[in-house]
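Chain by chain, the residues:
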Amino acid sequence: MKHTFIALSYFLTAITTSVYAQDELCQGPYFNEEQGRSFLASHVPHSLAEWQTRSKQVKDRVIDGMDLRTMPARPTSAPIIHSRREMDGYTVENVAFESTPGIYVTGNLYRPAKKLRSYAVILSPHGHGPDMRFHEQTQKRCGTLARMGAIVFAPDMIGQGDSKQCEHKLSKALKLQTINNIRTLDFLLSLPDVDKERVAVVGESGGGTQTFVLTALDPRVKVAAPTVMVSSYFFGGCACESGMPIHKKGDFQTNNVEIAALAAPRPLLLISDGGDWTKNTPEVEYPHIQNIYSLYNAKDKVSNVHLANEKHDFGPNKRAAMYPFMAKYLKLDEKQVDENKVQVLDRKVLAVFDEAHPRPANALQGDEAVLGAL
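These figures come from a predicted structure and were not determined experimentally.

Enquirer: Explain the pattern of salt bridges to me, using residue names and the numbers behind them.
Expert: Note that side chains of opposite charge can pair when their charged atoms are close. Per the stated rule, a full pass over the model turns up 24 salt bridges. For Arg 69, the salt bridge goes to Asp 60, with nearest N and O atoms at 3.1 Å. We classify Arg 69 as exposed; its relative accessible area is 52%. Asp 186 serves as the salt-bridge partner of Arg 183, at 3.0 Å between the closest nitrogen and oxygen. One end of the pair is Arg 183 and the other is Asp 186, both in helix H5 (residues 173–189) and three residues apart, which spans about a single turn. Note on accessibility: Arg 183 and Asp 186 belong to one class, buried. One connected set of salt bridges, linked through shared partners, spans Arg 74, Arg 183, Asp 186, Asp 218 and Arg 220.

What follows is the structure, given as structure tokens:
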């Protein structure tokens with residue numbers, strides 16, 4: 001299966017880049033498992049004040065590491081929304097909007113078919129793989145969450161799907177995808193009747209990295225579920241995750257566990273499995289984050305679902321673990337969870353740009369042009 005191959009590739013990357021090897025895509029040393037444990041053990045905060053000092057340092061490193069002290073100007077162009085399709089309990093539309101002048105976020109917007117007084121909004125970035133926005137696991141979760149009462153947006157990773165303005169492994173891919181995600185929240189929160197207190201992010205693998213990075217930086221995110229990604233010893237292995245120095249500068253070092261913990265005290269679900277770098281989550285990563293939540297008297301707001309016999313994906317059991325969490329904290333209708341009612345559409349149906357809807361004339365093209373805009 002495609003996803004099994006992708007998971008194996010990532011696992012091999014984790015092995016070959018451990019033990020303080022310097023990878024050209026990654027800033028700072030990778031840890032091996034024992035070094036990851038030791039790092040967390042030596043960075044346990046013993047008071048809220050101690051964590052607040054540390055968390056500011058971690059957040060500053062993330063912001064400075066991706067050169068994001070200043071956001072590019074927000075474009076004023078209208079979003080492109082077309083090809084609305086009525087499904088069983090939800091609708092799907094094809095969407096593009098500018099995140100910075102000349103750079104477009106592309107994806108699909110899933111909405112509840114039923115008129116509600118207000119709507120939760122969920123950003124659901126996907127992981128690495130061939131055009132994963134069109135994959136069954138992405139469509140199933142987004143359609144189901146829409147049936148439950150949320151407006152859900154599934155964006156392309158840069159360089160994939162309709163987002164073909166630059167290569168995925170752009171040197172500043174991490175910065176661009178973070179800007180795209182912030183602008184996606186702008187777009188979602190501009191829609192009629194959305195509830196700004198019910199905003200969530202959920203994604204797997206590389207989309208899990210996007211989930212906890214955005215949650216760390218943007219207080220508008222109220223609920224997060226980074227899936228199969230939060231690890232004490234693996235940083236991502238791709239330019240879009242660790243290609244900029246968000247984990248280390250000089251003597252300062254952090255890891256993805258501390259970045260994910262910046263969500264505290266907002267509700268956080270860690271979904272992990274036994275077949276990748278999240279295999280130790282119940283014993284290593286989760287207790288560390290639990291301790292941080294306990295400093296806020298919010299230990300009940302963080303949870304872990306560990307599927308020891310599963311591998312690296314966002315398969316049915318992982319999605320089944322995510323739905324009740326979102327229902328609880330976003331006030332969604334869990335009775336509407338029925339993935340059999342979500343139809344998997346062909347990528348041609350979900351395409352944003354086609355003969356009838358060409359890419360805008362001002363769209364930048366090529367890595368050099370996109371980097372210039374950043």
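Enquirer: Provide a residue-level description of the packing of aromatic side chains, including the pertinent values.
Expert: By the definition in use, this model includes eight aromatic pairs. The interplanar angle of 20° and the centroid separation of 4.7 Å between the aromatic rings of Phe 97 and Phe 187 together place this pair among those described as stacked. Here the residue Phe 97 occupies a position in strand S2 (residues 90–100), and Phe 187 occupies one in helix H5, the gap between them amounting to 90 residues. For Phe 97, a relative accessible area of 6% puts it in the buried group. For Phe 187, a relative accessible area of 6% corresponds to the buried category. Ring centres of Phe 153 and Phe 187 lie 6.1 Å apart, and the angle between their planes is 65°; this geometry places the pair in the edge-to-face category.

Enquirer: Requested: an account of the sheet that holds strand S10 (residues 268–273), with residues and values cited.
Expert: If you trace the nine strands from one edge of the open sheet to the other, you get S1-S2-S3-S5-S4-S6-S7-S10-S11, paired in mixed fashion. Lying at the two open borders of the sheet, with one neighbouring strand each, are strand S1 (80–86) and strand S11 (302–307). Direction aside, the axes of adjacent strands within the sheet are offset by 20° on average. This element, helix H9 (residues 285–295), spans S10 and S11 of the sheet and lies at about 170° to S11.

Criteria and cut-off values
- Residues numbered from 1 in each chain as written.
- Predicted model: local features only at pLDDT ≥ 70, side-chain atom pairs only at ≥ 80, totals over all residues.
- Heavy atoms only, no water.
- Salt bridge = Lys/Arg side-chain N within 4 Å of Asp/Glu carboxyl O.
- Buried < 20%, exposed > 50% of the residue type's maximum accessible area, 1.4 Å probe, protein only.
- Helix = DSSP H or I, 4+ residues; strand = E, 2+ residues; numbered from the N terminus.
- Phe/Tyr/Trp six-rings, centres within 6.5 Å; stacked < 30°, edge-to-face > 60°.
- Pairing = 2+ DSSP bridges.
- Axes fitted to C-alpha atoms, helices over the stretch in contact; angles between N-to-C directions.
- Contact = heavy atoms within 4.5 Å.

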